[in-house]
Amino acid sequence: MSDLLERLRRRGWRMTAQRRVIAQTLDGDHVHLTADEVHTRAARLLPEISRATVYNTLGELVVLGEVAEVTVDGRAKRYDPNTRRPHHHLVCTRCGTIRDVHPTGDPLTRLPADRRLGFTVATADIVYRGLCPDCGAGSTA
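For clarity, every value in this text was computed on a predicted model and none was experimentally measured.

Enquirer: So what about the pattern of salt bridges? Which residues, and what values?
Expert: The tally for this structure, following the rule as stated, stands at nine salt bridges. Between Glu37 and Arg78 there is a salt bridge; the shortest N-O distance is 3.3 Å. In this pair, Glu37 is assigned in helix H3 (residues 35-45) and Arg78 in strand E2 (residues 78-80), connecting sequence segments 41 residues apart. In this structure Glu37 comes out as partly exposed when scored by relative accessible area, which is 30%. A network of salt bridges, in which partner residues are shared, links Asp3, Arg7, Arg11, Glu66 and Arg84.

So, in structure tokens, the structure goes:
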């Protein structure tokens, strides 16, 4: 059973066939699918699943905190099921691939108190940009 499915079962979330397929589609490391990608993959397992069901379920999962919305560079929202371990993202500037990265240290300590302009900082979203191995092959960038 997937980690996301297990987390949802522990919460007592009603597990319909549609919800199960969506959770299975989102399962795994480095998963950052758009809603349309979730729908396409879920429809392979459950052809009658509607796009509206996918969008509504993704919205519920975000509200529950079981999936995070990730938006980088004005592209479509992507859905990240890795909500249990804080992480940052690596983004390919050519193809848009997103990967999770777990650097050491607390990013909040990297912003000194005198540079916070009076803000009480609670979280940091860091995005590293560059070329993925497929796009950067043979490149000197």
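Enquirer: Describe in detail the pairing of strand E4 (residues 98-101), supporting the description with residues and values.
Expert: Burial along E4 is one-sided: the face carrying Ile98 and Asp100 is buried and the face carrying Arg99 and Val101 is not. Direction of pairing for strand E3 (residues 88-92) relative to E4: antiparallel, over a ladder of four bridges. Of the residues in E4, the one forming a bridge with His88 is Val101. Between E3 and E4, which pair antiparallel in sequence order, lie five residues; one of them, Gly96, sits at a positive phi of approximately 85°.

Enquirer: I'd like to hear about the pairing of E3, residue by residue, with values.
Expert: In terms of burial, E3 is a largely internal element, four of the five residues being buried. Bridging between E3 and strand E5 (residues 127-130) involves four bridges; their strand directions are parallel. Its bridge partner being in E5, Cys92 is matched across the sheet by Gly130.

Enquirer: Describe the nonpolar core, naming the residues involved and giving the relevant values.
Expert: Leu8, Ile22, Leu26, Val38, Ile49, Leu58 and Leu61 are the most contacted members of the largest nonpolar core, which totals 22 residues. When residues of this core are traced back to their parent elements, those giving at least two are helix H1 (3-11), helix H2 (17-26), H3 and helix H4 (51-64). With sequence-adjacent residues up to four places away left out, Leu61 is seen in contact with Leu8, Trp13, Ile22, Leu26, Glu66 and Val67.

Enquirer: Tell me what's going on with H3, and back it up with residues and numbers.
Expert: Those residues of H3 lying buried are Ala35, Val38, His39, Ala42 and Ala43. Across the axial projection of H3, the buried residues extend over an arc of 130°, all falling on one side.

Enquirer: Describe the sheet that holds E4, listing the residues and the values that go with them.
Expert: Strand order in the open sheet made by the three strands is E4-E3-E5, with mixed pairing throughout. Single-partner strands in this sheet number two, and they are E4 and E5. With strand direction ignored, the average angle separating the axes of adjacent strands in the sheet is 25°.

Enquirer: For the environment of Arg129, give the residues involved together with the corresponding values.
Expert: Along the chain, Arg129 falls in strand E5. A relative accessible area of 47% means that Arg129 is categorised as partly exposed. Here the alpha-carbon distance between Arg129 and Leu90, two residues 39 residues apart in the chain, equals 5.8 Å. Once you skip the residues sitting within four places of it in the chain, Arg129 turns out to touch Asp73, Val91 and Thr93.

Cut-offs and rules
- Residues numbered from 1 in each chain as written.
- Predicted model: local features only at pLDDT ≥ 70, side-chain atom pairs only at ≥ 80, totals over all residues.
- Heavy atoms only, no water.
- Salt bridge = Lys/Arg side-chain N within 4 Å of Asp/Glu carboxyl O.
- Helix = DSSP H or I, 4+ residues; strand = E, 2+ residues; numbered from the N terminus.
- Buried < 20%, exposed > 50% of the residue type's maximum accessible area, 1.4 Å probe, protein only.
- Pairing = 2+ DSSP bridges.
- Core = buried A, V, L, I, M, F, W, Y, C linked by side-chain atoms within 4.5 Å.
- Contact = heavy atoms within 4.5 Å.
- Arc of directions from axis to C-beta.
- Axes fitted to C-alpha atoms, helices over the stretch in contact; angles between N-to-C directions.

Just distances and angles here, no functional claims.
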